[in-house]
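If you want the building blocks of each chain, they are given just below.
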Amino acid sequence: MTDLLTKVSPQLQRRHASETRLQWYGRLAIVLSLGFLVIMAATIAWQASGALRQTYVALEVDLSEDNVDPQNLAGASYGKIVKAALRDRFPDVKKRRDKRKLYGLVSPDAGLELARQVAADPAMLGGKPKLWFLASDDIGLLHSGQVDAASDESERRVSDKEIAWFTSLENDGDAAARFNWLFFSNGDSREPELAGIFSALMGSVLSLAVCFVLSFPIGVLAAIYLEEFAPKGRISDLIEININNLAAVPSIVFGLLGLAIFLNTFGLPRSTPLVGGMVLSLMTLPTIIIASRASLRGVPPSIREAALGIGASQVQATFHHVAPLALPGMFTGAIVGMARALGDTAPLLMIGMVAFIVDAPSSILEPATALPVQIFLWADSPERAFMEKASAAIIVLLVFLVVMNLAAIILRKRYERRF
Amino acid sequence: MDSTHIVSAFDEDLGQIEAQLLEMAGLVEIQIADAAEALAKRDAELGGKVRSKDKRVDELENEIDNLAVNLLALRQPMAEDLRRVVSTLKVSANLERIGDYANNVAKRTTVLAQEQPIGSSANTIKRMCKLTQDMLHDVLQAYMARDLAVAEEVRDRDEEVDQLHNSLFRELLTYMMEDPRNITACMHLLFVAKNVERIGDHITGIAEQVHYMISGKMPSDDRRKGDVTSYISIDSDGETKASVS
Amino acid sequence: MSAYALARDQSGVSADEAAMTREPYIVARNVNVFYGDKQALHNIELDIEANQVTSLIGPSGCGKTTFLHCLNRMNDLIDICRVEGDIRIDGQDIYDPAVDVVSLRAHVGMVFQKPNPFPKPIFENVAYGPRIHGLTRSKSELADLVELSLKRAGLWDEVSDRLDQPGTGLSGGQQQRLCIARAIAVQPKIILMDEPCSALDPIATARIEELMDELRNNFTIIIVTHSMQQAARVSQRTAFFHMGELVESGVTQQIFTAPEDERTQNYITGRIG
């Protein structure tokens, strides 16, 4: 026995060495892939950070009776009040061009903003309150330090004068950065500072809802039929092969299909969540069918036999016993399919959900856009600030995907039975 | 059975029990032969040898009992194997009794050697013993070869032993009536004859066990009861008669 | 009265002897079963008596389980399986196209080798069958039937206080008794058992064997078993299958002490050749 313990054969050493090497390769692989993941996440987060902060400036507005008639709040020209406030703040600005630039310090929607604030708090009327207004996107970039003040003026979007005005505001404590709640409550806009994902989100949610309602029942029932009732033979093998292939088809093909059939042949309204959902359900159906079939196969035949043995019919055995046990797996498959559908842009582009939609759709028949499409549009536009928004929207999308996948994992862990 | 058990240890166990039985049978055969010889030659020393063998025969019976019980508990034999084990148990009991009878015969040699020989009784007894010896030998052959026919035939041969016993009984009765001084010798001779007749019966029992082991049924016909000595009496003329119809 | 006379008096004509004189309950003639091109059973001819336990024995692959599955048409579930011949239960040909397989399986219950209770509450396990067959008219009737079935299966005392707990939480022996309760709740006439004790420990096995003896008063039981000792213990009649043929069938006591066919002898004594 001591022989065994003391003898160290070279073969044994080689074996140990190769095992250690393998472990290091594994660790290296993990580090590399995690590293790429971390870099990607950090880049996006860094870019998005700008979008989640918004710069506000404080101005004293004159809400005396001359400007605002208390009986007719809507009738006042709030834009002019804001401009007057700016002029009061910087009385040195005389030239017309400079004045235009001055007015450009705040967002073009400032007037609307003022109107909203007055309507919300009429007690302010008659006085000269100091209110906060959203700064324009360029000022926002300046505030977040993304404008190089040292560079040549012609190479920047923000002129020296604007920098000076803003610095003055900053020194007086009239500039502040706040969290960009508007990002989540506004729809799309030409002005980056006003752009939000709300309408895109609603579009996505409605499309997904339509997709789920269409694909889950059909997919699950198809899987049950194919697995439990269909006669086994060449035809069912053929169907299985085709479904597997469909799951790998590029999604744009489904978009083309949707365009040709749903829009052209059936004449359904384009760019609506209804059609978007239908196209997405075409995409998701194979995934659900495959996952459901696998889940059904995972139910041991002894359960089926037991049910049939006491005289249940095929239908009763399937729906009372087999399908309920397979349901967790089916839901997992559905969630994974939905997650994929959430992030898929190409088919939606084909059916026209690429328009500039400001308002969130209130039904599935109204034109809408979807979150991935919104990201695409923003990333495509020239303004720097839109890039930030795109990154922020990507983060939102990723958060949803992670949450959905986590839900799938938790569901699976909780309800999966070990037979 | 020429096929073997899948679990070879089972065959070994059965073989062991059979070997013990054959050893026992061999010893008993010698016991009968020696007892007959001792009687004929009036050799008390030979009679002593028979008694010493009896101890070994009893030992063997115990060993066979133990082996059989173990086999039943551990192997759960079925069908032919079960019948074999059960009949081996009974056969060994029969053999042990036969050994005891042979022993008993040998014991009486000492006394009989001192008495006068009675007619041709010694020869008759010798003949009876030879018959039973052959029967025992043949029935063991039938056991080993699983020969049903031989077992049947051995069973029938007991009748001859019984007939010899009947005639010896009558003869000894007459001798005893003639001369009271013969009584001692005749009494012992009577017992000896009875013992040999019982040996014959026990061998018949063994034959029936062999029949059961091979066929699964006991023989359907009753034993031939050739022994009528229970009914023999002396009538008024001094003639022996058997009052059995 | 002497003990001997008493014993004679009470036995009279045993139920087993009486059974011999009745018409057999299940009659199989010329049964041939094919899996595709391979023939699994050759010309099986077997009679099975009512209210008795009949055991089917034989080496692996001899066709005894196939034959058992013919009796409740579980073979129908296998596409490549083809059953020819005549199998009659109580005079009715069970392969007649007019026979509804679902109601046949209510008439002929089955207990499987590995206990397979539904992953549902114990009550549900037993109640499912009667419910789908509409055997009871009210909830209390159903509850009574569940209680009766569990009592008959010898499980009531152990589970009466936890009927809402899943059936899969019981021990192996209890699970098998639950499966038996489930089978008898449907009130079948025949219970088929496919090696019911092979996954159980000796005590659980003994309980189920005792149960079989009690059940045979009300049901006809056919059991496939690998254990000859079990067949010897529980059955009144035994049939020996070998390579798809029915080699010998007869009274259990006869088969195990003095079988007629050498193949039977070889199998039960554990011999090759």
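These numbers come from a predicted model, not from an experiment.

Asker: Help me get a handle on the overall build of chain C, residues and values and all.
Answerer: If you tally the helices and strands in chain C, you get twelve helices and eleven strands. By the compact-globule yardstick of 19 Å for 273 residues, chain C fits well, its C-alpha radius of gyration being 19 Å. In terms of overall dimensions, chain C has a C-alpha envelope of 65 × 55 × 35 Å along the principal axes. The buried share of chain C, taken over its 273 residues, is 45%. Counted over contacts in chain C with a minimum sequence separation of 6, partners at least 24 positions apart contribute 68%.

Asker: Can you break down the overall build of chain B residue by residue, with the values?
Answerer: Along its length, chain B carries six helices and three strands. Considering only C-alpha atoms, chain B reaches an extent of 70 × 45 × 25 Å along its principal axes. Sequence separation of at least 24 residues holds for 79% of the intrachain contacts in chain B that already meet a minimum separation of 6.

Asker: Tell me about the sheet that holds strand β3 (residues 175-179) of chain A, residues and numbers included.
Answerer: Within a sheet, each strand pairs with its neighbour through backbone hydrogen bonds, oriented either parallel or antiparallel. Residue and element names in this part refer to chain A. The three strands lie next to each other as β2-β1-β3, forming an open sheet whose pairing is antiparallel. Where the open sheet ends on each side, the last strands, each with one partner, are β2 (130-134) and β3. Direction aside, the axes of adjacent strands within the sheet are offset by 40° on average. By the bridge criterion, five bridges tie strand β1 (residues 53-60) to β2 in an arrangement that is antiparallel. Across the sheet, the residue bridging to Ala58 is Trp132, located in β2.

Asker: Quick one: what's the story with the nonpolar core, residue by residue and with numbers?
Answerer: With 234 residues, the main nonpolar core has Val82 of chain A, Ala35, Ala102 and Val139 of chain B together with Ile191 of chain C as its most contacted residues. There are two domains that each give this core at least three residues, and those are domain 1 (56-178) and domain 2 (198-415) of chain A.

Asker: Tell me what's going on with the interface of chain A and chain C, and back it up with residues and numbers.
Answerer: Taken together, the 15 residues of chain A in the interface contact 20 residues of chain C. Those elements that provide at least two residues to the side of chain A that touches chain C are α13 (301-309) and α14 (314-343) of chain A. Looking at which element gives the most residues to the side of chain A that touches chain C, the answer is α13 of chain A, with six residues. Partitioned by chemical class, the residues of the side of chain A that touches chain C number six nonpolar, six polar and three charged.

Asker: So, the environment of Asp69 of chain A: which residues are in play, and what are the values?
Answerer: Residue and element names in this part refer to chain A. Relative to the helices and strands, Asp69 resides in the loop between β1 and α3 (78-89). Considered as a pair, Asp69 and Gly126 are 57 residues apart in the sequence and their alpha carbons are 9.3 Å apart. Contacts of Asp69, omitting those with residues within four sequence positions, involve Gly75 and Ala76.

Asker: Provide a residue-level description of α13 of chain A, including the pertinent values.
Answerer: Within α13 of chain A, the full set of buried residues consists of Ala306, Ala307, Leu308 and Gly309 of chain A. Considering only its buried residues, α13 of chain A is in contact with α14 of chain A together with α4 (101-107) and β6 (108-111) of chain C. Just past α13 of chain A, the residue Gly311 of chain A takes up positive phi, approximately 95°.

Asker: Outline the sheet that holds β6 of chain C, listing residues and values.
Answerer: All names here are of chain C. Across the sheet, which stays open at both edges, the six strands sit in the order β6-β7-β8-β3-β9-β10 with mixed pairing between neighbours. Each end of this open sheet is capped by a strand with a single partner; those strands are β6 and β10 (245-251). When strand polarity is set aside, the average angle formed by the axes of neighbouring strands in this sheet is 20°. Along the sheet, helix α12 (residues 262-269) makes contact with β9 (237-242) and β10, crossing β9 at roughly 100°.

Asker: Please provide a residue-by-residue account of the environment of Asn166 of chain B, values included.
Answerer: Residue and element names in this part refer to chain B. One can find Asn166 in helix α5 (residues 148-178). Between the C-alpha atoms of Asn166 and Asp54, which are 112 residues apart in sequence, the distance is 28 Å. Residues in contact with Asn166, not counting those within four places in the same chain, are Asp227, Val228 and Thr229.

Asker: Tell me about the packing of helix α3 (residues 79-114) of chain B against α12 of chain C, and please be specific about residues and values.
Answerer: It is at 7 Å that the axes of α3 of chain B and α12 of chain C come closest, and there the two elements cross at 70°. Between α3 of chain B and α12 of chain C, the interaxial angle falls into the category roughly perpendicular. Two secondary-structure elements touch here, α3 of chain B through Ala79, Glu80 and Asp81 of chain B and α12 of chain C through Gln265, Ile268 and Thr269 of chain C.

Asker: So what's going on with helix α8 (residues 172-185) of chain C? Residues and values would help.
Answerer: Every α-helix carries 3.6 residues per turn, so stepping three or four residues along brings you back to the same face. Residue and element names in this part refer to chain C. In this model α8 runs 20 Å from its N-terminal to its C-terminal C-alpha over 14 residues, within 8% of the 20 Å that 1.5 Å per residue would give. Of all 14 residues in α8, 13 are buried; the element is thus mostly enclosed. Positive phi shows up at Gln187, right after α8, with a value of about 55°.

Asker: Kindly report on the interface of chain B and chain C, identifying the contributing residues and their values.
Answerer: Between chain B and chain C, the contact holds 15 residues from the first and 14 residues from the second. Breaking the side of chain B that touches chain C down by element, the ones donating at least two residues are β1 (4-5) and α3 of chain B. No other element matches α3 of chain B, which puts four residues into the side of chain B that touches chain C. For the side of chain B that touches chain C, the class distribution of residues is eight nonpolar, five polar and two charged. Bridge count for β1 of chain B against strand β11 (residues 271-272) of chain C is two bridges, and the pairing is antiparallel. Directly across from His5 of chain B, in β11 of chain C, lies its bridge partner Arg271 of chain C.

Asker: Explain the confidence of the model for chain C to me, and be specific about the residues and the numbers.
Answerer: Residue and element names in this part refer to chain C. Residues at a pLDDT of 70 or more form 92% of chain C, whose mean pLDDT is 89. Below a pLDDT of 50 lies the segment residues 11-15, which in the model reaches one contact outside its immediate sequence neighbourhood of four places, other chains included. Quick note on the complex model: pTM equals 0.77, ipTM equals 0.86.

Asker: Can you tell me about the pairing of β9 of chain C, naming the residues and giving the values?
Answerer: Residue and element names in this part refer to chain C. β9 sits mainly inside the fold: six of its six residues count as buried. Across the two faces of β9 the burial is the same, with Arg237, Ala239 and Phe241 and Thr238, Phe240 and His242 all buried. What sits between the antiparallel neighbours β9 and β10 is a turn of two residues, in which Met243 has the positive phi angle 50°.

Asker: Lay out unusual backbone geometry in plain terms, naming residues and giving numbers.
Answerer: Residue and element names in this part refer to chain C. For Asp90, which is not a glycine, the phi torsion comes out positive at approximately 55°. Structurally, Asp90 can be placed in the loop between β4 (81-89) and β5 (92-93). Even without being glycine, Met243 reaches a positive phi, approximately 50°. Tracing the backbone shows Met243 in the loop between β9 and β10. On the neighbour-count criterion, Met243 (14 C-beta atoms within 10 Å) is partly exposed.

Asker: Pulling in residues and values, what's your account of the packing of helix α12 (residues 273-297) of chain A against α14 of chain A?
Answerer: Residue and element names in this part refer to chain A. It is the contact of α12 with α14, at a shortest axis distance of 8 Å, that shows an interaxial angle of 150°. By crossing handedness, the relation of α12 to α14 is classed as right-handed. Residue-level inspection shows Leu280, Met283, Thr284, Thr287, Ile288, Ala291, Ser292, Ala294, Ser295 and Leu296 of α12 in contact with α14, the latter providing Val322, Ala326, Gly329, Met330, Thr332, Gly333, Ala334, Val336, Gly337, Met338, Arg340 and Ala341. Class assignment for the residues of the contact of α12 with α14 results in 13 nonpolar, eight polar and one charged.

Asker: I'd like a rundown of the pairing of β1 of chain A, residues and numbers included.
Answerer: With five bridges connecting them, β1 of chain A and β3 of chain A associate as antiparallel partners. The residue of β3 of chain A that forms the bridge with Gln54 of chain A is Arg178 of chain A.

Asker: Help me get a handle on the environment of Ile163 of chain A, residues and values and all.
Answerer: Residues and elements named next belong to chain A. For Ile163, the position within the fold is in helix α7 (residues 160-171). Looking at Ile163, the number of C-beta atoms within 10 Å reads 16, which means it is partly exposed. Ile163 sits 113 residues away from Gly276 along the chain, and the two C-alpha atoms are 46 Å apart. Excluding residues that lie within four positions of it along the chain, Ile163 makes contacts with Leu142, Ala149 and Val158.

Asker: Outline the confidence of the model for chain B, supporting the account with residue identities and numerical values.
Answerer: Interpretation of this model should avoid reading the predicted coordinates in detail wherever pLDDT is low. Confidence in the prediction of chain B, expressed as mean pLDDT, is 89, and 98% of residues score 70 or more. Mean pLDDT in chain B bottoms out at strand β3 (residues 240-242) of chain B, which sits at 76, and peaks at helix α6 (residues 183-215) of chain B, which reaches 93.

Calculation rules
- Residues numbered from 1 in each chain as written.
- Chains lettered and ligands numbered in written order.
- Predicted model: local features only at pLDDT ≥ 70, side-chain atom pairs only at ≥ 80, totals over all residues.
- Helix = DSSP H or I, 4+ residues; strand = E, 2+ residues; numbered from the N terminus.
- Rg over C-alpha atoms; globule rule 2.2 N^0.38 Å.
- Buried ≥ 20, exposed ≤ 12 C-beta atoms within 10 Å, placed from the backbone.
- Contact = placed C-beta atoms within 7 Å.
- Pairing = 2+ DSSP bridges.
- Axes fitted to C-alpha atoms, helices over the stretch in contact; angles between N-to-C directions.
- Core = buried A, V, L, I, M, F, W, Y, C linked by C-beta atoms within 7 Å.
- Domains from an automatic or database assignment.
- Nonpolar A, V, L, I, M, F, W, Y, C, P; charged D, E, K, R; others polar.
- Parallel < 35°, antiparallel > 145°, perpendicular 65-115°, else oblique.
- Expected span 1.5 Å × (residues − 1).
- pLDDT = per-residue confidence, 0-100.
- Left-handed = near helix turned anticlockwise from the far one by under 90°.

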